[in-house]
Amino acid sequence: MRVHFFLYLVLTCIFSFRVNLGFTMPPANPADSLQQALYTHAQRDTVRVQLLNKLGRVYFTSDPGKTTLYATEALHLSDSLQYTEGTILATRNLALVENTRGNLDKQMDMTLTALRLAEKNGQLHMTGILNNDIGNILIEQNNPVQALPYLKRSLKIKKQFNEQTEIAKTLNNIGSCYMQLQKLDSALYFLRESEHLKLSMGNTRGLGFTYENMGLIYLQKGEYETSQQYLERSMGYYKATENQAGIGKSWLNLAKVNTLLQHYTIAAGQLEEAARVNVSQKNAKNEMIYYQYLAQLDSSRGDYITALQHYNTYTSLKEKYFAVEKALSIANTREKYESEKRQRENHLLKAAQQIHLSTIHQQRILVAVCAFLLLILLVITVMLYRLYKRQQELYRQLNSKNEEVSQQNRIIMEQNVKLGSLNQVKDKIFSVISHDLRSPLAILEGMLFLLRDRKMSTEEFRTFADDLWRDMKNTAYMMDNLLNWASSQMKGIRTKPDEFEFTGMVRREIELLQSLARQKEVTLTHHLQQPVTVFADPDMMKLVLRNLISNAIKFTPGGGNIEVLAHIKGTYLEICVQDNGVGIPDKDQHKVFSNIYYSMPGTRHEKGCGLGLPLSKDFVELNKGAIWFHSQPGITSFCFTIPLSEEDANQQGHMARKKKQLL
């Protein structure tokens, strides 16, 4: 083993020396050299694990099947050798294969497993790489807000090691985050930093990703010719590195740009190339996008019948894709639960077996001691005493084991309850999405499709614009409440209290909601004149205000009035939102702040998901306040309190003492 490893190091040094001297010999294929090294090194040791993992990393873009074979062998061999670094790298390679197949949830689970193992063993270098992988997965799942912390943590770690290649990858991914957040100038800044590093190192594999992102940014900006140049450059690098997944995406992106440039024949050919590449890739997401772009191309060429057929195919694939994603998520959750359950059962069985073996061992000792005690009376007395002590210890151990088993059973029951709660959260989320969110989005999608294809005039669209805007605004508020509620149920929410001026926040929120009130012909006013500083989490208070005011608008008919009032009571500020709407029936008032998720349609049939008021209650109480309401037909008021800032509270206390002295 040592001889082979020494030869491998010598060959590596010779190759590096030749490159540094500027020799013009063509570089060898890294896969071929690694294959040769693996062939000559048949010993099942850590060196073979390293070669298998390097080969798997080389092949994952061009031949994912080979990567799976190499990574699986490396994983089994690492487990038998207890080689942690090999286990981490093999798990990561298998996760990357799942990415090429579009299985993002499975890739996330495997990457998190590798990250936990790296953190546990203090492998800071791999921790930086895996944080970057998780950020990249979240980007593909259109979740840039959660991706950014992982990527910034990865960049900080990589800068400690000064690895320019890895730094360039993370800079590219940060640029992708800002692109999804529509901060295009920031995205271009990070992508150009990544491009500069990759060009200086000759990193052809990475340049394909960077130029693809830059092309997509210029596509969003409407600079189609510039976008086309970057996407063609990206295609060249993908072909040079045999990145089949990248080639497939490039054909799709180029087809979209050429459709917008009205180069319809070129776009059609590029879509055919994308379909050909995806035959081997079998990427469900790319197939869905293919039919979407094909429908857009047909519509642009005036072939509306074919466009509708392709659009229907796209819609069907889209529903199937998200159904598969949902099924995979549920299957992964069930698999985790079953695995953990089996592990606990194994621990319990091992503990019971250990107790049984210990009992048998003690019994054998007892028989031997009794036989020996028959010979000598004195020894009998001593041994009986010792036996008594041993039995006492055994009973103590048995009691201790029983307590441990009981504790484990309680843990299992608690986890079952927690899993049931998470399933309720999941069911609620899917229920709201399927019943309350899909309808307005489907209406908007259909109207925009008709408007784009000139099957509906602008004047006809305007007649529906106000109702559509109101529905989308309500849907956006519902989505905010749903996401905040799901986060509080699944991960818990920590407050970030700070001192801020509350009157200005009320004015801004009322300005944002005025258009919604005017649409319903409802008068929305406030009576806050003097600035008041409070100590609370501003984002939470903003959501509470928005929920209470939008609820008042929802249940107040045209011609009604809504007032926002505030009073200082001791060291707290009391805020009330009062309306003269339909009110809450007596029989339903106990449901308002409960976990029953009570909801009813507004005066113009506005929908809700029943999460706003329970979530507002949680946020107010987390900020050391209280919330309540009074309702009857014709007048309803929702009130809550939040603590004043230290300075305002002291000022109020001083005024109260001065008033008391005067009396």
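See the structure above.
These numbers come from a predicted model, not from an experiment.

The next subject is unusual backbone geometry. We note that N142 has phi near 60°; this positive angle belongs to a residue other than glycine. For N142, a relative accessible area of 60% gives the class exposed. With phi around 65°, K624 is a residue other than glycine that occupies positive phi space. Residue K624 is classed as exposed on the basis of its relative accessible area of 67%.

Their axes nearest at 10 Å, the elements helix α13 (residues 244–260) and helix α15 (residues 284–300) cross at an angle of 15°. Put simply, α13 runs roughly parallel to α15. The hand of the α13/α15 crossing is left-handed. For the pair α13 and α15, contact is made by K249, L252, N253, K256 and T259 and by N286, I289, Y290, Y293, Q296, L297 and S300, respectively. Of the residues contributing to the contact of α13 with α15, the split by class is 5 nonpolar, 5 polar and 2 charged.

Take the state of the cysteines next. By the definition in use, this model includes 1 disulfide. Here C576 connects covalently by a disulfide to C639, the sulfurs 2.1 Å from one another. Because the sign of the S-S torsion sets the handedness, a value of about 110° for the bond joining C576 and C639 places this disulfide among the right-handed ones. Placement of the pair is C576 in strand β5 (residues 572–579) and C639 in strand β7 (residues 635–643), with a sequence separation of 63 residues. No difference in accessibility class separates C576 from C639, as the two residues are buried.

Moving on, we get to the nonpolar core. Buried together is how nonpolar side chains tend to be arranged in soluble globular proteins. Core analysis: the largest hydrophobic core is formed by 58 residues, its most contacted members being L130, I174, I217, L252 and L271. Apart from residues lying up to four places away in sequence, L252 is in contact with L271, A274, N286, I289, Y290 and Y293. Core analysis: the next-biggest nonpolar cluster, separate from the first, contains 42 residues, L524, L528, A536 and L545 among them.

Here we take up the pattern of salt bridges. In a structure, side chains of opposite charge can pair up when their charged atoms sit close to one another. Inspection of every chain in the model, using the stated rule, returns 14 salt bridges. Between K158 and E166 there is a salt bridge; the shortest N-O distance is 3.0 Å. The residues K158 and E166 share a single accessibility class, namely buried. As a salt-bridge pair, E273 and R276 come within 2.8 Å of each other at their nearest N and O atoms. One end of the pair is E273 and the other is R276, both in helix α14 (residues 264–281) and 3 residues apart, which spans about a single turn.

As summarised here, the arrangement of the 5 strands in space is β2-β4-β5-β7-β6, forming an open sheet in which the pairing is mixed. Bordering the open sheet on either side are β2 (523–526) and β6 (627–632), each of which pairs with just one other strand. Neighbour to neighbour, the strand axes of the sheet diverge by 15° on average, direction disregarded. Pairing analysis gives 8 bridges linking β5 to β7, with the strands arranged antiparallel. When the bridges of β7 are listed, Q578 appears paired with S637.

The next thing to look at is the side chain of S645. Structurally, S645 is set in the loop between β7 and α22 (646–662). Filtering out sequence-adjacent residues up to four positions away, S645 remains in contact with E499, T533, V534 and F535.

Within the secondary structure layout, L130 lies in helix α7 (residues 124–140). Linking L130 and T111, residues 19 residues apart in sequence, is a C-alpha distance of 6.7 Å. Setting aside chain neighbours within four positions, we find L130 in contact with I88, R92, T111, A114, L115 and A118.

Here the focus is the pairing of β7. Here β7 lies mainly inside the structure; 8 of its 9 residues are buried. When β6 meets β7, the two strands line up antiparallel, connected through 6 bridges. Counted as the bridge partner of Q632 is I635 from β7. With antiparallel pairing between neighbouring strands as the criterion, β6 and β7 make up a hairpin whose turn holds 2 residues, including G634 at a positive phi of roughly 100°.

The next thing to look at is the environment of V379. Looking at the element boundaries, V379 is found in helix α17 (residues 377–452). Separated by 10 residues in sequence, V379 and V369 have C-alpha atoms that sit 9.3 Å apart. If sequence neighbours within four positions are ignored, V379 has contacts with F372 and L373.

Turning to the packing of aromatic side chains, a few remarks are in order. Aromatic ring pairs are described here by two measures, namely the spacing of the ring centres and the angle between the planes. Within the structure shown, the criterion is met by 13 aromatic pairs. For the pair Y189 and F190, a centre-to-centre distance of 5.2 Å together with 80° between the ring planes defines the contact as edge-to-face. Seen from the ring of Y150, R153 lies directly overhead, with NZ or CZ sitting 5.2 Å from the centre. Positioned above the aromatic ring of Y211 is the side chain of R233, whose terminal nitrogen or guanidinium carbon lies 5.0 Å from the ring centre.

With that settled, consider the environment of L69. In this fold, L69 is placed in helix α4 (residues 64–81). What makes L69 exposed here is its relative accessible area of 63%. Expressed as a C-alpha distance, the spacing of L69 and L52, which sit 17 residues apart in the sequence, is 9.1 Å.

Quick notes on the rules
- Residues numbered from 1 in each chain as written.
- Predicted model: local features only at pLDDT ≥ 70, side-chain atom pairs only at ≥ 80, totals over all residues.
- Heavy atoms only, no water.
- Buried < 20%, exposed > 50% of the residue type's maximum accessible area, 1.4 Å probe, protein only.
- Axes fitted to C-alpha atoms, helices over the stretch in contact; angles between N-to-C directions.
- Helix = DSSP H or I, 4+ residues; strand = E, 2+ residues; numbered from the N terminus.
- Parallel < 35°, antiparallel > 145°, perpendicular 65-115°, else oblique.
- Left-handed = near helix turned anticlockwise from the far one by under 90°.
- Contact = heavy atoms within 4.5 Å.
- Nonpolar A, V, L, I, M, F, W, Y, C, P; charged D, E, K, R; others polar.
- Disulfide = S-S within 2.5 Å.
- Core = buried A, V, L, I, M, F, W, Y, C linked by side-chain atoms within 4.5 Å.
- Salt bridge = Lys/Arg side-chain N within 4 Å of Asp/Glu carboxyl O.
- Pairing = 2+ DSSP bridges.
- Phe/Tyr/Trp six-rings, centres within 6.5 Å; stacked < 30°, edge-to-face > 60°.
- Lys NZ or Arg CZ within 6 Å of the ring centre and 35° of its normal.

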